[in-house]
Amino acid sequence: MRYLTFALTKGRLASKTLDLLGKIGITCEEMQDKNTRRLIFVNEELKLRFFLAKGPDVPTYVEYGAADIGVVGKDTLLEEGRKLYEVLDLGFGACRMCVCGPESARELLNTNQLLRVATKYPNIAREYFFNQRHQTVELIKLNGSIELAPIVGLSEVIVDIVETGSTLKENGLMVLEEVCPLSARMVVNQVSMKMEDERIRELIRKLRASL
Ligand code: PRP
């Protein structure tokens, strides 16, 4: 039997994924060691391999078939736009992609003035403003702490993830519009889905039953 390889998103999503896999009897003891610098972990008995990657790299590994299966946030899937099958909503990591800003930006959103939109997700923001709202905006790509942008005058609004809303609140910002709901998804390489049909279907069935 060949190994089925999983690409997991480093951090909180990975530990929630391992908890979920544990519930259906898939464990990887090697991976529990927090201090290890190893990058890939094997469960010999079940012929499974696991590795951790940065979120935006997970769909890349899966599209190219370096991983058969990936677990990654819907935000990353939308932003990366890779060719793969999204097979399961895992429910955890639930949050929302939103347009946010100070109250004063609410009006600006509905005028024809050229808005500046700061975001870590330029493709999602472009799709939302240009294709859904039919509004031309200037997109400014940032890599983190997006909430800073409207505070220091880099942009009028941001497109970012809102989970509890506390980052917005602590910085005097608010949700102005919701773009879409998000959560962790399981994705599968298109060829693997055909070649390993039975094993992957069985896995999906068990995961679904335990959710
Ligand atoms: C995310 C997101 C928001 C925050 C939302 O940032 O970009 O800043 O979490 O969470 P909240 O609504 O519960 O406050 P993250 O901590 O991942 O880091 P980043 O700012 O570097 O992207």
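This one's a predicted model, so the numbers in the text were calculated from it and none came from an experiment.

What am I meant to see in the site of the ligand here?
All residues adjacent to the ligand are Lys 120, Gly 144, Ser 145, Glu 147, Asp 160, Ile 161, Val 162, Glu 163, Thr 164, Gly 165, Ser 166 and Thr 167. Glu 163 has a polar backbone atom sitting 2.8 Å from an oxygen atom of the ligand. Between the ligand and Gly 165, the relevant distance is 2.7 Å, taken from an oxygen atom to a main-chain nitrogen or oxygen of the residue. When the ligand is considered free in solution it has 500 Å² of accessible area, and contact with the protein chains removes 66% of it. For the shell around the ligand, the leading source of residues is strand β9 (residues 157–162), giving three residues. In terms of residue class, the shell around the ligand is built from two nonpolar, six polar and four charged.

How should I be thinking about the pairing of strand β7 (residues 115–119) in this particular structure?
Of all the five residues making up β7, four are buried; the element is thus mostly covered by neighbouring parts of the structure. Note that β7 and strand β8 (residues 137–141) share five bridges and pair parallel. Note that in β8 the partner of Ala 118 across the bridge is Ile 140. Once you follow β7 into helix α6 (residues 122–132) and on to β8, the crossover reads as right-handed. Relative to β9, β7 runs parallel, the two sharing three bridges. When the bridges of β9 are listed, Thr 119 appears paired with Val 159.

Just to check I follow, could you spell out the environment of Lys 54 for this structure?
Position of Lys 54 relative to the elements: it lies in the loop between β3 (48–53) and α3 (58–64). Residue class for Lys 54 comes out exposed when judged on its relative accessible area of 56%. C-alpha separation for the pair Lys 54 and Val 72, spaced 18 residues apart in sequence, amounts to 9.4 Å.

Basis of the calculations
Residues numbered from 1 in each chain as written. Predicted model: local features only at pLDDT ≥ 70, side-chain atom pairs only at ≥ 80, totals over all residues. Heavy atoms only, no water. Near = heavy atom within 4 Å. Polar contact = N/O pair within 3.5 Å; in protein donor to acceptor, adjacent residues only side chain to side chain. Areas by Shrake-Rupley, 256 points an atom, 1.4 Å probe, with all protein chains shown as cover. Helix = DSSP H or I, 4+ residues; strand = E, 2+ residues; numbered from the N terminus. Nonpolar A, V, L, I, M, F, W, Y, C, P; charged D, E, K, R; others polar. Buried < 20%, exposed > 50% of the residue type's maximum accessible area, 1.4 Å probe, protein only. Pairing = 2+ DSSP bridges. Right-handed = clockwise from strand over helix to strand, strands pointing away.

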